[in-house]
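Each chain, letter by letter, is given below.
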Amino acid sequence: MAGGINTRFNNQVLAGVLAVVEDQRRQVLFVREQPGGYGGTWLLPGGSMAPGETVDAAVIRAVADATGIKLAAPEFMGVYELRSAGAEG
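Remember, predicted model here, so these are calculated numbers, not experimental data.

(A) How the structure looks around the overall build of the protein chain. Within the protein chain, the regular secondary structure consists of one helix and six strands. Within the protein chain, the proportion of its 89 residues that are buried is 21%. Considering only contacts within the protein chain whose residues lie at least 6 apart along the sequence, 48% involve residues at least 24 apart. Summed over all atoms, the accessible surface of the protein chain reaches about 6200 Å², with 54% contributed by carbon and sulfur.

Following this line, the structure appears as structure tokens:
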């Protein structure tokens, strides 16, 4: 299951994805971020989309990169826009 996120920085639109991965008991998967901006924080797996990459492909790649789990067929949940504090609009 996936939801796409659009963020705007310096007049650029950047696309990314987050995945809500549930097991049979409806427990949600979180990943602990490596050192850096959000280091140590528990977040949904996700990441930036590559140019030309589909939402499904980006979700499958992001989850595999973060966890090693290979999703078969993610379900699209929606599109959301997130603006940085300095974004115009």
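(B) Region of interest: the pattern of salt bridges. Scanning all chains against the criterion turns up four salt bridges. Because the salt bridges share partners, they merge into one network encompassing Glu53, Arg61 and Asp65.

(C) Looking closely at a nonpolar patch on the surface. Among the surface-exposed residues, Val28, Phe30 and Trp42 lie close enough to one another that they form a single nonpolar patch of about 310 Å² accessible area. In this structure, Val28 sits in the loop between strand E2 (12-19) and strand E3 (31-32). Since its relative accessible area comes to 36%, Val28 is described here as partly exposed.

(D) Quick look at the nonpolar core. In this structure, Val17, Ala19, Val21, Ala58, Val59, Ala62, Val63 and Leu71 together form the largest nonpolar core, which totals eight residues. Of all the secondary structure elements, the ones that give two or more residues to this core are E2 and helix H1 (55-67). The biggest single contributor to this core is H1, with four residues. In contact with Leu71, not counting residues within four places along its chain, are Val21, Val59, Ile60 and Val63.

Each value, and the rule that gives it
- Residues numbered from 1 in each chain as written.
- Predicted model: local features only at pLDDT ≥ 70, side-chain atom pairs only at ≥ 80, totals over all residues.
- Heavy atoms only, no water.
- Helix = DSSP H or I, 4+ residues; strand = E, 2+ residues; numbered from the N terminus.
- Buried < 20%, exposed > 50% of the residue type's maximum accessible area, 1.4 Å probe, protein only.
- Contact = heavy atoms within 4.5 Å.
- Areas by Shrake-Rupley, 256 points an atom, 1.4 Å probe, with all protein chains shown as cover.
- Salt bridge = Lys/Arg side-chain N within 4 Å of Asp/Glu carboxyl O.
- Patch = residues over 30% accessible without salt bridge, like charges linked within 9 Å, V, L, I, M, F, W, Y side chains within 5 Å.
- Core = buried A, V, L, I, M, F, W, Y, C linked by side-chain atoms within 4.5 Å.

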